[in-house]
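# Topology and contacts: notes
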Amino acid sequence: MINLLLIIFTITLIYISMANRMMTYIRIIAFQGIVLFGVALVELIEINIGNLIFVLLETIIIKAIAIPLFLKYILDRNRITREAEPYVSNFVSVVIVTIIILGSFFLANAVSDTHVRKIFFIVALSALFTGLYVIITRRKIITHVMGFLIIENGVFVLSLAVGSEMPMLVNIGILLDIFVSVILLGIFADKIGDVFEEQDVEQLRNLKD
Amino acid sequence: MIAIYLAGSLIIGTAFYFGKKHSTRLLLSVLFSLLQVSLAVYEFINRGVVQFTYFTPDALAVIFLSVMTVITIPVLYHSFVYFEKHPYKPREMGMYFAATIMLIMSISAAYLANHMGITWVFVEITTLSASALIYHRRNKLSLEGTWKYIFICSISITLVFIGILFVTVTVQQHGIGDLFYSTLLANAGLLNPFWLKLAFLFIFTGFTAKAGLFPMYTAGIDAKDKAPYPSGALLASVLMNVGFTGIFRFYQITSHTSIHEWTNKIILISAVLSVFVATVYMLRVKNIKRMMAYSGVEHMGLVMLGIAAGGIGYYAAILHLVLHSFAKPALFFQFGQIYRTYGSKSVYDTGYYFKYNVAGAMVLLAAFFIVTAMPPSGMFVSEFLIFKSLFASGYLWLLIIIMLLLTVIIWAFGKNVFKILFAKPVDFDESKVQPAHYTESLSQYILLALVVYLGLFPPAAMVELIKEAVNMLM
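Residues numbered from 1 in each chain as written. Chains lettered and ligands numbered in written order. Predicted model: local features only at pLDDT ≥ 70, side-chain atom pairs only at ≥ 80, totals over all residues. Heavy atoms only, no water.

Now for the overall build of chain B. When helices and strands are tallied, chain B shows 20 helices and zero strands. The C-alpha radius of gyration of chain B comes to 21 Å, within 12% of the 23 Å expected for a compact globule of 474 residues. Its C-alpha atoms give chain B principal-axis dimensions of roughly 75 × 55 × 45 Å. Across chain B, every contact between residues at least 6 apart in sequence was considered, and the portion connecting residues at least 24 apart equals 80%. Surface summary for chain B: the accessible area is close to 16,000 Å², and the carbon and sulfur share equals 71%. (Helix = DSSP H or I, 4+ residues; strand = E, 2+ residues; numbered from the N terminus. Rg over C-alpha atoms; globule rule 2.2 N^0.38 Å. Contact = heavy atoms within 4.5 Å. Areas by Shrake-Rupley, 256 points an atom, 1.4 Å probe, with all protein chains shown as cover.)

Helix and strand content of chain A: seven helices and zero strands. For chain A, the succession of helices and strands along the chain, N to C, is α-α-α-α-α-α-α. For chain A, contacts bridging at least 24 residues in sequence account for 77% of all contacts bridging at least 6. As presented, chain A carries roughly 8,900 Å² of accessible surface, and 69% of it is formed by carbon and sulfur atoms.

Moving on, we get to the interface of chain A and chain B. Each side of the interface is counted separately: chain A has 41 residues, and chain B has 49 residues. Approximately 4,000 Å² of surface area, both sides summed, lies buried where chain A meets chain B, with 79% of it carried by carbon and sulfur atoms. Linking chain A with chain B are zero salt bridges, by the criterion used here. Viewed at the interface, chain B and chain A are joined by zero residue pairs in polar contact (both at pLDDT 80 or more). Counting only elements with at least two residues in the side of chain A that touches chain B, the list comes to α5 (118-137), α6 (141-163) and α7 (167-195) of chain A. Across the side of chain A that touches chain B, the residue classes break down as 28 nonpolar, six polar and seven charged. (Buried area = accessible area lost by both parts, 1.4 Å probe. Salt bridge = Lys/Arg side-chain N within 4 Å of Asp/Glu carboxyl O. Polar contact = N/O pair within 3.5 Å; in protein donor to acceptor, adjacent residues only side chain to side chain. Nonpolar A, V, L, I, M, F, W, Y, C, P; charged D, E, K, R; others polar.)

All names here are of chain B. At a minimum axis distance of 11 Å, the contact between helix α11 (residues 238-254) and helix α14 (residues 312-342) shows a crossing angle of 165°. Between α11 and α14, the angle falls in the class roughly antiparallel. For α11 against α14, the interelement crossing comes out left-handed. For the pair α11 and α14, contact is made by Met240, Asn241, Phe244, Phe248 and Tyr251 and by Tyr314, Ile318, Leu321, His324 and Ser325, respectively. Of the residues in the contact of α11 with α14, the class split is seven nonpolar, three polar and no charged. (Axes fitted to C-alpha atoms, helices over the stretch in contact; angles between N-to-C directions. Parallel < 35°, antiparallel > 145°, perpendicular 65-115°, else oblique. Left-handed = near helix turned anticlockwise from the far one by under 90°.)

All names here are of chain B. In this structure, Pro215 follows Phe214 across a cis peptide bond, with omega equal to 5°. With respect to the helices and strands, Pro215 occurs in the loop between α8 (193-211) and α9 (218-226). A cis amide bond links Pro375 to the next residue, Pro376, at an omega of 10°. Mapped onto the elements of the fold, Pro376 is located in the loop between α16 (358-371) and α17 (378-392). Positive phi, normally seen in glycine, also occurs at Tyr352, with a value near 50°. In this fold, Tyr352 is placed in the loop between α14 and α15 (353-356). One non-glycine residue, Ala373, lies in the positive phi region at around 60°. As for its position among the elements, Ala373 is in the loop between α16 and α17.

A word on helix α10 (residues 229-236) of chain B. Of all the eight residues making up α10(B), eight are buried; the element is thus mostly covered by neighbouring parts of the structure. Taken together, the buried positions of α10(B) are occupied by Tyr229(B), Pro230(B), Ser231(B), Gly232(B), Ala233(B), Leu234(B), Leu235(B) and Ala236(B). (Buried < 20%, exposed > 50% of the residue type's maximum accessible area, 1.4 Å probe, protein only.)

Further remarks concern the packing of aromatic side chains. All chains considered together, the criterion is met by 46 aromatic pairs over all chains. Measuring from ring centre to ring centre gives 5.0 Å for Tyr342(B) and Phe428(B), while their planes differ by 50°; the resulting arrangement is tilted. You can see Tyr342(B) sitting in helix α14 and its partner Phe428(B) sitting in the loop between α18 (396-422) and α19 (442-456), a full 86 residues away along the chain. Accessibility expressed as a relative area gives 9% for Tyr342(B), which makes it buried. Relative to Phe422(B), the ring of Phe418(B) has its centre 5.9 Å away and its plane inclined at 20°; by these criteria the two rings are stacked. Taken as a pair, Phe418(B) and Phe422(B) lie in helix α18 at a separation of four residues, close to a single helical turn. Using a relative accessible area of 44% as the deciding quantity, one classes Phe422(B) as partly exposed. Among the aromatic residues, ring-to-ring pairing joins Phe16(B), Phe80(B), Tyr82(B), Phe83(B), Tyr88(B), Tyr96(B), Phe97(B) and Tyr229(B) into one connected group. The lysine or arginine in question, Lys63(A), covers the ring of Phe156(A), its NZ or CZ lying 5.2 Å from the ring centre. (Phe/Tyr/Trp six-rings, centres within 6.5 Å; stacked < 30°, edge-to-face > 60°. Lys NZ or Arg CZ within 6 Å of the ring centre and 35° of its normal.)

Here we take up the pattern of salt bridges. Residue and element names in this part refer to chain B. Evaluated as defined, the whole model comprises 12 salt bridges over all chains. One salt bridge in this structure joins Lys89 and Glu92, with 3.8 Å as the shortest N-O distance. In this structure, Lys345 engages Asp225 in a salt bridge whose closest nitrogen and oxygen atoms are separated by 3.0 Å. Remark: Asp225 occurs in helix α9 and Lys345 occurs in the loop between α14 and α15; sequence separation between them is 120 residues. By relative accessible area, which is 16% here, Lys345 ends up buried. The exposure class assigned to Asp225 is buried, which follows from its relative accessible area of 2%. When salt bridges with common partners are traced through the structure, they connect Asp222, Asp225, Arg290 and Lys345 into a single cluster.

Written as C-alpha cells, this is what we have:
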C-alpha cells in the first residue's frame, strides 16, 4: 500500500514536469497533498493519537485544500496568464526529471541502510531535486513557490521515513510547512501582484551591484 | 529565567505593536533592555545549568548573548532616532519595533538552545521577523529584497532540516533517542561517517544563508541593504553569529569523528570563496550599505578560515566574531547619518563629509581603520592569530592568496570611504543639510572603543569563556 502511494507520488513529479497550465500545477499539488495524507495515515498509525491527528489534519487541510485554494485565489486576483512559460521544452523536462528519479534510485541503492526504507529515500530525493528543477526552469514567481511546495512535500516524505520513532521531528517539519507557505503565499505573492505589473522573475532584478 | 524572558519579550512585542504613544514605546524599550540585560547576567551566573529542558547557557552562548545585549541598547536608541527623522505611520512603527523585539528574542534563544530541533525553530523565527524589518519601507525594491530573503532562507532552512533528518538516521542506528547536542557529542564516535558527511553538507550549506558565507550569502546582502539601518546593524552582526552558532555546534560534534579532516576541507573551500567573492564585489560596489554588507562576508570568511585551520585559530575565530559584532553596527549606525546628509546610498553622491558632520566623519574614519584590521584595532589581533594558525597548519599558499585579497579589499574599501570623507561632492546642494547632533555618534565611539579594548587588553573572563567554548573541539 505504502509503495503504491509513493509510486503514485513519483508519477505526479513526472507529470508536473510536463504540465503546461497553471491550474494543472495547482491540481497536482492538491493531489500530492491527498497522497501524502494516505502515506501518513498508513505510516504513523501506531504513534500517539494526538500527533497522528495533527499530522493528518495538516496534510489534508493545509496541503490538499488550503494551499491550492490560496494559489488559485492568487492566480485569479493577479490575472496571471495560464501558461507556465518554462525556459526549456516539456520534452527535455520529462527527460531530466526521469534522470533525476533514476539518479535518486541509484543514489539510494548506494546508501543501503536498514534504518531508512529505500523507497522513502528515493521518493524524497526525487521530489527535492524536481522542486529545485522547477524553480530553476520556470519564469513566474508563483511557479517558484510551487517548486518550493514540492520540496516541502519531499521533506515531509523524508521526515516520515524517520518519523515513526521521532514524532517531534515530523511536527517541527510541519511547522516549517505552515510557517513558510503561509508567509510566502499570503503576504508576498499577493503584494508582488500589486506592485509589479507582471508576475515575472525578470522584474526582480533591480537589486544588484 | 529563559521562560520568563520568552514570555516577557512576547508581551513587550505585542505591546509595541499596539502602543501608539511615544512615551509608551520609550517605556517598553527600557523594559526590554532591562529584560535582556537580566537574561545575560542570569545566564552568565548559571552557566551550564539546563533550563526549561531545551536551553543550556554554555560558554559560546554566554559570549554571544553578552554581545547581543550590548548591541540591543544602541539599536533601540537608533531606532528612535530613525523614526524621529523619518516619520512613519504609528502602525508601521509598531510593526517595526515588534519585529525588532522578536528578532532579538529569537536570536538570543537560538544561541541558548541545546537541541538541534530547537535551534532550527528559532532560526526559522529569525527569518520571519527579519523579513518584516526588511519590508519596512514597503516599496518595490524592499519587496524584492524581502522576497529574495524569504525564499533563499526558506530553502536554506529546509536544507538544514534535511541535514537534521540525516543525523536522525544515524542516531537511530544506535538507539539514541534524542538530538541534544550533549548526547550527540557523547556518542559522536558511534555515528556513521557517511550519514554525518551528508548531514554536514546540508547543515553547513543551510546555515551559510544566516552566516553570510558562500554559497548562500546573497540574500543577506539584499536584506542588509533594504532594512532600516538599525535593523541592518542587527542583521550584519548578531544574526550572522546565529548562523555561525548553528555551524559551530554541529562542527563540534563532527570534530570528534573520523570526518573531521573532511569537514575542514569543506569549510576551507567555502571560506576562501567567501573572501574571494567579497573582494570582487567590494571592487565594483557603489552602494555604501552593500559595501558594508560585503565586508561582513569577508570577515565571516576569515572566521571560517580560523576554524578550518584549528589550533589557535579556534580562539581567534570566536574573538574575531565578537569584535566584528561590535565594529559592524558602528558602521551601520553611522550610515544613518550619511544617508540623512546626502539623501543617497551611492558613493557618487557623497563627499566632504568632514565639513557637514565632524563627529560622524571621525567615526567613519576610525571604523574604516578598525574594520580593515589595522592596528590599534582589536581585529588586527584576531586576524593575526588566524593567519598564524593558517601558517602553523601548513596552508602557506592559501595564506598568501588571502593576504593579497585582503589588500585589494582594503584598497577598495578605502577608496570609497575617502571619497565620502574628502572628495568634492558633485551637484550637491549643501543649504539643506541639517547637521546631526554629536550625541548620535556617541554609541559608535563606545562600540569602536570596545573593539580596541577587547582586542588589545582582553579581560580574563572573556578569554576564559572563549577557551571554554573551543576546548570541546579536537
